[in-house]
Amino acid sequence: MLKRLLLAVASTSLLLTGAAHAQESADTSLVLLTENFPPYNMAKNGKNFAQDENIEGIAVDIVRETFKRAEIRYSLTLRFPWERIYKLALEQPGYGVFVLARLPEREPLFKWVGPIGPDDWVMLARADSKLALTTLAQARKYKVGAYKGDAIALSLARQGLEPVLVLRDQDNARKLVGGQIDLWATGDPAGRFLARQEGVTGLKTVLRFNSAELYLALNREVPDEVVARLQAALDQLRKEGKIDEIMARYL
């Protein structure tokens, strides 16, 4: 009799715990923040402030579908500057920010869902180019286009290259196909997206010289069960090929 009673109490406890977790998840509503970072996150009007349906991009579409699958509510705001939204996600319970490179020094600061996509640094060449690089040093003998003030351009300069700089990165796409530069140092997939906006397609990657993965970073107070549900939903989207489908719409 005592054994049956203990089993009944244990079963009831498990049911109550499960119900509590389900209620916790149902009550969760996250505040998601992002910035203009084409093609991952963009305001439809091109400005530095937008909310909910007025925001688009690869990461935005992936995050929306992930939260829909996980049945977790959220609000979405795009704003400037990046430092402000990063600080809010770091300090405010229930907040998250995307897309964020998952670096070792950031690892303990957030709870992570991803990866959503890559943020690589690449050298692009024309489709008919015969160039083949294995090291960044080999690019010194060529005219390399880059975006003035960008981290990629600054990194190249620190490593002894002298990139030809432009005020808009998309101008490098036209310069590349026009033969004014041999290589375009840019981000991937950002470079391909900008090239497509200029009517330039078919560029090929001849060197990948830096690589990072981009994530949704959530405040440490977000419940583990919520993070797990989001990760499971994202993993399922990737398994079904939905991530590739979303990327193909923009690239």
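Small disclaimer: the values here were computed from a predicted structure and weren't measured. (Residues numbered from 1 in each chain as written. Predicted model: local features only at pLDDT ≥ 70, side-chain atom pairs only at ≥ 80, totals over all residues. Heavy atoms only, no water.)

Draft legend 1. Quick look at the overall build of the chain. When you go through the chain residue by residue, the secondary structure sums to eight helices and 13 strands. Looking at the chain as a whole, 45% of its 251 residues are labelled buried. Put simply, 71% of the contacts in the chain that link residues at least 6 apart link residues at least 24 apart. Element-wise, carbon and sulfur atoms account for 53% of the exposed surface of the chain, whose accessible area totals about 13400 Å². (Helix = DSSP H or I, 4+ residues; strand = E, 2+ residues; numbered from the N terminus. Buried < 20%, exposed > 50% of the residue type's maximum accessible area, 1.4 Å probe, protein only. Contact = heavy atoms within 4.5 Å. Areas by Shrake-Rupley, 256 points an atom, 1.4 Å probe, with all protein chains shown as cover.)

Draft legend 2. Spatial organisation of the sheet that holds strand β10 (residues 164-166). Pairing in this open sheet of five strands is mixed, and the strands run β10-β9-β11-β8-β12 from one edge to the other. Of all the strands in the sheet, the pair left with one neighbour each is β10 and β12 (204-210). Averaged over all pairs of adjacent strands, the angle between their axes in this sheet comes to 35 degrees, without regard to strand direction. Of the strand pairs in this sheet, strand β9 (residues 144-147) and β10 are connected by three bridges, and their pairing is parallel. Counterpart to glycine 145 in the pairing with β10 is valine 164. (Pairing = 2+ DSSP bridges. Axes fitted to C-alpha atoms, helices over the stretch in contact; angles between N-to-C directions.)

Draft legend 3. Local environment of the nonpolar core. Ranked by size, the top nonpolar core spans 48 residues in total, and within it Leu32, Phe98, Trp184, Leu218 and Leu230 carry the most contacts. When residues no more than four places from it in sequence are discounted, the contact partners of leucine 230 are Leu30, Thr66, Phe67, Ala70, Ile72, Val113 and Leu218. Ranked by size, the runner-up nonpolar core spans 16 residues in total, among them Ala125, Leu131, Ala139 and Phe209. (Core = buried A, V, L, I, M, F, W, Y, C linked by side-chain atoms within 4.5 Å.)

Draft legend 4. Just the side chain of arginine 106, in detail. Looking at the element boundaries, arginine 106 is found in the loop between β6 (95-101) and β7 (111-118). The buried charged residue arginine 106 lacks any salt bridge partner; its closest oppositely charged side chain belongs to glutamate 105, at an N-O distance of 5.8 Å. In this view, arginine 106 contacts Tyr86, Leu100, Ala101 and Trp112; residues no more than four positions away in its chain are not counted. (Lys, Arg positive; Asp, Glu negative; His and termini not counted. Salt bridge = Lys/Arg side-chain N within 4 Å of Asp/Glu carboxyl O.)

Draft legend 5. Inspection of the pattern of salt bridges at higher detail. Within the structure shown, the criterion is met by 16 salt bridges. With a shortest N-O distance of 3.1 Å, lysine 87 and glutamate 91 are connected by a salt bridge. Residue lysine 87 and its partner glutamate 91 are both found in helix α3 (residues 82-91); the two are separated by four residues, about one turn of the helix. Glutamate 91 gets classed as partly exposed once you look at its relative accessible area, which sits at 46%. The partner of aspartate 171 in a salt bridge is arginine 174, with the nearest N and O atoms 3.0 Å apart.

These values are about where atoms sit, not about what they do.
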